[in-house]
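Descriptive analysis of the structure
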Amino acid sequence: MRCMMHGFNLLVPVMALAACVAALGQTQTYNLGRTPREEEIRAWDISIGPEGKELPPGSGSAKEGAPLFAQKCAVCHGPTGKGSGPGGSRRLVGGQGTLTTTHPVKTLGSSWPVATTVWDYVNRAMPQYEEDLPHAWVPVVPNRPSKREPLSADEVYALTALLLYWNDIIKEDDILDAETLPKITMPNRDGFVPKEPKWKKGEALPFGQYP
Amino acid sequence: MNSKQSDRRRFLKEGAVLAGLAAGAIRSASGQGPMSASGRTPESEIPENFRFFNERSRFENSVRKLPSAGESGASKCPLQDLHGIITPSDLHFVAAYGMNPPDIAPREHRLLIHGLVHRPLIFTLEELKRLPSVSRIHLIECVTNSYMFRKRTVHLPELRNRLTARDIHGNTSCSEWTGVPLSLLLQEAGVKNEASWIVAEGAEPVKHARSIPLNKVMDDVIVAYAQNGEAIRRPNGYPLKLLVPGFEGAFNIKWLRRIKVVDQPYLTNVDVSHKVNLRPDGKMRWYNFEMPPKSVITRPSGEQRLPSRGFYEITGLAWSGGGTIRRVEVSTDGGRNWKDAQLQEPVLRIAHTRFRFPWNWDGGEAVLQSRCTDDRGVVQPTLAELGKIWGVNFDWEYWKIASETGYNGEHFNVIQPWKVTREGTVLDAMYDAWL
């Protein structure tokens, strides 16, 4: 290799290495894997970042979300999202102001930093379908939603709006879409430490619940 | 069918099996390409009188503990039955998030890499297996290990003192993982300058997703397709799993289907709600990453019995998500005196480490405990020391509130005491601290 021949000149190998690294950004080494089509990526990409850049077209309000919730969500989350449904899933509503008490209630309303997480999670994971549940330990509940009825983008906007309305974050008539949703300020937006999470190899961070 | 026909059929079947074994596998099993034709016979095609070649001795019946009713948690690894440092794949703990593991056909599975890259790429499993691979021994530990079961059972008198090493600490397991470094795949895709995190996502119905810092990804993260010499077990992520050594278990995305390269943490549901620690001032500590050093004596341990006084080798496991175990000390007198235990080679980075300590039981009451130190100098704390770090007293009142609320005692790594009674019964002595 070139660098070997100029062993005494320290700059040359460094420059050669830099060139190699830059080249890696440009070309493939192994030429395996194929280039996905744009629409393939769009169909797979369900990650919604905190700026909401990936949010799809569509819209919905809490009013539209209410009948949907009753039909698809209440069986586990309870009629008002307080977690008292027979499916026994987690509470979605309330808890604001309780995080400093001895009995904190962590809900999306009291603890989540951004509203895009609500959209992302409802869209990615809800409802949890009957056929995916291990009934060895998850209660059998009549009328749990089935795989045949996935949520549309409008429905996800409507359910997100309902959950934010029930948590007193938006109004019942507010319409959520790709533009309005990322602008919502969640109550616990500044409640997370560290502000900019980072990882450093070998660093012994203080751990545990109360560092 | 008369018995002659049946015998003939069996003969043909066995012949086929033997031929397959001998030829070392020309045939391509369904769902696999020619490169991975393994000659393996599906379980259902193995003649009955050959099945015992696959089986454990009928006298060995170690199993994971299934979650109890109403508990969506993990099924735990029976640490007290393990030897050495490798967890047999079928005993690897499973955190299921209350869902059945998906049943993925490997031929149809794809890994998509996209986002802030110059060339988005889709890989088949066969293509991934053609790339340069690595095998590394690493542990995976659930973030609530050693805490959750105590919290859930603290008010159940019938279980008090009677927990086993599996019950309390069984959400950790250690395997040899084989796969492609994710750094290699990202170099193939060409990461853009503004990238700083990735989001990794599974293919299961809830599509579990986590944000991971790019510098960790480029350091030692593996896209794994094999576990302990065979394909990854279905509940552990078949056919692809992201291995993020040392990080909280839930970073190790199972059934991996997508890597999106991004410029900030994406604040997924799991990022901001499950794996977040709430401090007394109401602030939530997120992205806690590495699991701290922990050790536990696995023999003798809870619910075991010492039949007579005399010699016993005390043995157990130590590990740290932040590095390599440097030292394990053992006390047999309730923590008054500590002596170094012997570490079994190989002592590996972010892997279970086996320790051994010779002990003569004199027949009297004894409290056995271990404490470890990793190569960063972090020492496993006592209950009182961790209480100081967290700013709480682990008294009865604490556990009562914890069991009533959403408290998650994550990264709980206190020293585990086991009490040997005069009768030779081994009990969990942690409760003595607050009862």
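Quantities reported herein were computed from a predicted structural model and do not represent experimental measurements.

1. Focus on the overall build of chain B
Check the secondary structure of chain B and you find nine helices and 23 strands. A buried classification covers 59% of the 435 residues belonging to chain B. Taking contacts inside chain B between residues at least 6 apart in sequence as the whole, the part at least 24 apart equals 72%.

2. Structural notes on the pattern of salt bridges
According to the stated counting rule, one finds 30 salt bridges over all chains in the structure shown. Where Lys 260 of chain B meets Asp 45 of chain A, a salt bridge forms, and the shortest distance between an N and an O atom there is 2.8 Å. Taken as a pair, Lys 260 of chain B in strand E12 (residues 256-262) and Asp 45 of chain A in the loop between helix H3 (38-44) and strand E1 (59-61) lie in two separate chains rather than in one. Classification of Lys 260 of chain B by relative accessible area gives buried; the value is 5%. Bridged by salt links that share partners, the residues Asp 45, Glu 54, Asp 120 and Arg 124 of chain A together with Glu 201, Arg 257, Arg 258 and Lys 260 of chain B form one connected network.

3. Some points on helix H4 (residues 62-72) of chain A
Residue and element names in this part refer to chain A. Within H4, burial applies to Ala 62, Gly 65, Leu 68, Phe 69 and Lys 72. Buried residues of H4, seen end-on, are gathered within an arc of 115° and therefore sit on one face of the element. Of the residues in H4, the exposed ones pointing more than 90 degrees away from the buried face are Pro 67, Ala 70 and Gln 71. Next to the buried residues of H4 lie E1, helix H5 (74-77) and helix H8 (153-166).

4. Some details on the interface of chain A and chain B
Often, the extent of an interface is quoted as the loss of accessible area on bringing the components together. Taken together, the contacts link 68 residues of chain A with 86 residues of chain B. Summed over both partners, the interface of chain A with chain B comes to about 7000 Å²; 59% of that surface belongs to carbon and sulfur atoms. Summed over the shared surface of chain A and chain B, the result is five salt bridges. Sorting the residues of the side of chain A that touches chain B by element identifies helix H2 (11-26), H3, helix H7 (116-125) and strand E3 (192-193) of chain A as the ones contributing at least two each.

5. Observations regarding the packing of H7 of chain A against H8 of chain A
All names here are of chain A. Running from amino to carboxyl end, H7 crosses H8 at an angle of 130°, the nearest separation of the two axes being 9 Å. One finds that H7 runs oblique with respect to H8. Once H7 is placed against H8, the crossing between them reads as right-handed. Here Val 118, Trp 119, Val 122 and Asn 123 of H7 lie close against H8, whose contacting residues are Ala 153, Val 156, Tyr 157, Leu 159, Thr 160 and Leu 163.

6. Examining the confidence of the model for chain B
Residues and elements named next belong to chain B. The predicted model of chain B has a mean per-residue pLDDT of 86, with 86% of residues at 70 or higher. Counting interchain partners and residues more than four positions distant, the pLDDT-below-50 stretch residues 1-37 has 32 contacts. On the interface metric, ipTM, the complex scores 0.86, and its pTM is 0.87.

7. Here's the deal with the confidence of the model for chain A
Parts of the model with low pLDDT should not have their predicted coordinates read in detail. Put simply, chain A has an average pLDDT of 84, and 80% of its residues get 70 or more. Between residues 1-12 of chain A, whose pLDDT stays under 50, and residues either more than four places distant or in other chains, the model counts three contacts.

8. Considerations on the packing of H4 of chain A against H8 of chain A
Residues and elements named next belong to chain A. Relative orientation of the contacting elements H4 and H8 amounts to 95°, with a least axis distance of 7 Å. Considering their axes alone, H4 and H8 lie roughly perpendicular with respect to each other. Residues Ala 62, Glu 64, Gly 65, Ala 66, Leu 68, Phe 69 and Lys 72 of H4 form the contact with H8, whose own contacting residues are Glu 155, Ala 158, Leu 159, Ala 161, Leu 162, Leu 163, Tyr 165 and Trp 166. Along the lines of polarity and charge, the residues of the contact of H4 with H8 split into eleven nonpolar, one polar and three charged.

9. Looking at the sheet that holds strand E8 (residues 209-213) of chain B
All names here are of chain B. Read across the sheet, five strands follow the order E4-E3-E12-E7-E8 without closing on themselves; strand pairing throughout is mixed. Whereas interior strands pair on both sides, the edge strands pair on one side only; in this sheet they are strand E4 (121-124) and E8. Put simply, the sheet's adjacent strands are angled 20° from each other on average, direction ignored. Sheet analysis places strand E7 (residues 197-202) next to E8, joined by five bridges and oriented antiparallel. For Trp 197, the partnering residue across the bridge sits in E8 and is Pro 213.

10. Looking at the pairing of strand E17 (residues 325-331) of chain B
Residue and element names in this part refer to chain B. Among the seven residues of E17, five are classified as buried, and the element is accordingly described as predominantly covered. Here six bridges tie E17 to strand E21 (residues 366-374), and the two strands are oriented antiparallel to one another. Along E21, the bridge assignment pairs Ile 325 with Asp 374. Pairing analysis gives two bridges linking E17 to strand E18 (residues 339-340), with the strands arranged antiparallel. Bridging across to E18, Val 330 finds its partner in Lys 339.

11. So, the domain arrangement of chain B
All names here are of chain B. You can read the domains of chain B as domain 1 (3-30 + 65-85 + 93-137 + 177-280) and domain 2 (294-380 + 415-434). Each partner contributes to the interface: domain 1 provides eleven residues, whereas domain 2 provides 15 residues. Here domain 1 packs against domain 2, burying approximately 1100 Å² in sum over the two surfaces, 55% of which is carbon and sulfur. The largest share of the area that domain 1 buries against domain 2 comes from Leu 79, Gln 80 and Ile 85, three residues that together contribute 47% of it. With a shortest N-O distance of 2.9 Å, Asp 220 and Arg 349 are connected by a salt bridge. Applying the counting rule to domain 1 against domain 2 returns three residue pairs in polar contact (both at pLDDT 80 or more).

12. With respect to unusual backbone geometry
Residue Met 126 of chain A is joined to Pro 127 of chain A through a cis peptide bond whose omega torsion reads -10°. Among the secondary structure elements, Pro 127 of chain A is positioned in the loop between H7 and H8. Although it is not a glycine, Asn 228 of chain B sits at a positive phi angle of roughly 55°. Here Asn 228 of chain B is to be found in the loop between strand E9 (222-227) and strand E10 (230-231). We classify Asn 228 of chain B as partly exposed; its relative accessible area is 24%.

What counts and what doesn't
- Residues numbered from 1 in each chain as written.
- Chains lettered and ligands numbered in written order.
- Predicted model: local features only at pLDDT ≥ 70, side-chain atom pairs only at ≥ 80, totals over all residues.
- Heavy atoms only, no water.
- Helix = DSSP H or I, 4+ residues; strand = E, 2+ residues; numbered from the N terminus.
- Buried < 20%, exposed > 50% of the residue type's maximum accessible area, 1.4 Å probe, protein only.
- Contact = heavy atoms within 4.5 Å.
- Salt bridge = Lys/Arg side-chain N within 4 Å of Asp/Glu carboxyl O.
- Arc of directions from axis to C-beta.
- Buried area = accessible area lost by both parts, 1.4 Å probe.
- Axes fitted to C-alpha atoms, helices over the stretch in contact; angles between N-to-C directions.
- Parallel < 35°, antiparallel > 145°, perpendicular 65-115°, else oblique.
- Left-handed = near helix turned anticlockwise from the far one by under 90°.
- pLDDT = per-residue confidence, 0-100.
- Nonpolar A, V, L, I, M, F, W, Y, C, P; charged D, E, K, R; others polar.
- Pairing = 2+ DSSP bridges.
- Domains from an automatic or database assignment.
- Polar contact = N/O pair within 3.5 Å; in protein donor to acceptor, adjacent residues only side chain to side chain.

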